[in-house]
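Fold and geometry: a report
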Amino acid sequence: MKKIGISLSGGGSRGIMHIGILKALDEAGVKISMVSGTSAGAIVGALYCSGYSPDSIMDIIRETKLISYVRPAVSFSGLLNLETVESKFQKYLKEHTFESLETPLVIAATNIVRGSVAYLKDGPLIKSMLASCAVPIIFKPIQINGATYIDGGVLNNMPIEPLEGNCDFVIGSNCNAISDDYTPGNMRSLIERTLLLTMNLNTRTKQHKCDVFLEPEGMKDFGGFDFSKAENIYQVGYEYGMSKMDEILALSDNEQP
């Protein structure tokens, strides 16, 4: 059986789609051996690699709106400190380190000083996860061991590279299908659209590296701040994942139990 890795893109509330994809994979008996992720994908990946089932992750989302803690406040006057929500994640990621995870995880962040992608895979888990979520212009950069990090999606919104050479089969899960029906609105809308276009450009360069690339068209109907639509986003991911399962099983040499 092939060693399977999955890369989870960033995308704000759209990242809840990954939970539906993981549920479809779990139900089909596809064992994930390694996960990489950026931003919201890093949050979902950290919970999944900690041993939470997709159903349990969704229960956490329903009860706490955990991913929504990293959304910007209404005002954009001054940079926000993302580290203030660290304690919210400590309840669910109790060991706080990569080394404690049941499944290997790599988180992509951007080293703003060096201008390069950083792949974080050891040491402080929650701080690394939040660094990957630190959207520029909105959140303050996060310091880890003397290095300064911002959102991984700036340079690598789908970190396939850590899976290469470590996995036999790579699945890319992109939650950022772009709608061509857009009218420029307020500052938040404009920032979101700009970040989405930038992230999707660097995601597209990774598509050919995936054995299977998952990108539900239905995600065009959701914005990065649509946390109130978590159930719908999750369902889109699950249904799309199930629709692609025959292809995934055939290519990955897995068989349904």
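The following paragraphs examine the structure supplied in this document. (Residues numbered from 1 in each chain as written. Predicted model: local features only at pLDDT ≥ 70, side-chain atom pairs only at ≥ 80, totals over all residues. Heavy atoms only, no water.)

1. Things to note about the pairing of strand β2 (residues 32–38)
Consecutive side chains along a regular strand alternate between the two faces of the sheet. Taking burial as the measure, the seven residues of β2 include six buried ones, the bulk of the element. The parallel pair strand β1 (residues 4–8) and β2 is bridged by helix α1 (residues 17–27), and the resulting crossover is right-handed. Where β2 and strand β3 (residues 105–111) come together, four bridges link them in parallel fashion. Of the residues in β3, the one forming a bridge with Ser-36 is Val-106. (Buried < 20%, exposed > 50% of the residue type's maximum accessible area, 1.4 Å probe, protein only. Helix = DSSP H or I, 4+ residues; strand = E, 2+ residues; numbered from the N terminus. Right-handed = clockwise from strand over helix to strand, strands pointing away. Pairing = 2+ DSSP bridges.)

2. Brief notes about helix α7 (residues 230–243)
With 14 residues, α7 should reach 20 Å at 1.5 Å per residue; the first-to-last C-alpha distance of 20 Å fits that figure. For α7, every residue scored as buried is listed here: Ala-230, Ile-233, Tyr-234, Gly-237, Tyr-238, Tyr-240 and Gly-241. Of the surrounding elements, those touching the buried residues of α7 are α1, α3 (54–64), β8 (212–214) and α8 (245–252). (Expected span 1.5 Å × (residues − 1). Contact = heavy atoms within 4.5 Å.)

3. So, the side chain of Ser-9
Secondary-structure assignment places Ser-9 in the loop between β1 and α1. Residue Ser-9 is classed as buried on the basis of its relative accessible area, which comes to 0%. Here the side chain of Ser-9 touches Asn-174 through a polar contact of 3.4 Å, side chain to side chain. When sequence neighbours within four positions are dropped, the list of residues in contact with Ser-9 reads His-18, Thr-38, Ala-40, Gly-41, Asn-157, Met-158, Ser-173, Asn-174, Cys-175 and Asn-176. (Polar contact = N/O pair within 3.5 Å; in protein donor to acceptor, adjacent residues only side chain to side chain.)

4. Let's talk about the nonpolar core
Core analysis: the largest hydrophobic core is formed by 68 residues, its most contacted members being Ile-6, Leu-25, Leu-105 and Met-129. Here this core gets seven residues from one element, more than from any other, and that element is helix α2 (residues 40–49). Not counting the four nearest positions on each side in its chain, Leu-25 is found in contact with Ile-6, Val-30, Ile-32, Ile-171, Met-245 and Ile-248. In this structure, Val-106, Leu-163, Val-170 and Phe-213 belong to the second largest nonpolar core, which totals nine residues. (Core = buried A, V, L, I, M, F, W, Y, C linked by side-chain atoms within 4.5 Å.)

5. What about the environment of Leu-125?
Note that Leu-125 resides in helix α5 (residues 125–133). We classify Leu-125 as buried; its relative accessible area is 1%. Separated by 26 residues in the primary sequence, Leu-125 and Glu-99 have C-alpha atoms spaced 8.7 Å apart. Contact partners of Leu-125, with chain neighbours within four places excluded, come to Ala-46, Leu-93, His-96, Thr-97, Phe-98, Leu-101, Leu-105 and Ile-107.

6. Here's the deal with the side chain of Thr-38
Inspection of the secondary structure assignment puts Thr-38 in strand β2. What makes Thr-38 buried here is its relative accessible area of 0%. Those residues within four positions of Thr-38 in sequence are excluded, and the remaining contacts are Leu-8, Ser-9, Gly-10, Ala-108, Ser-132, Asp-151, Gly-152, Gly-153, Asn-156, Asn-157, Met-158 and Pro-159.

7. Quick look at unusual backbone geometry
One non-glycine residue with positive phi stands out, namely Ser-39, at about 55°. Within the element layout of this structure, Ser-39 appears in the loop between β2 and α2. For Ser-39, a relative accessible area of 9% translates into the label buried. The backbone of His-96 shows a phi angle near 70°, a positive value even though the residue is not glycine.

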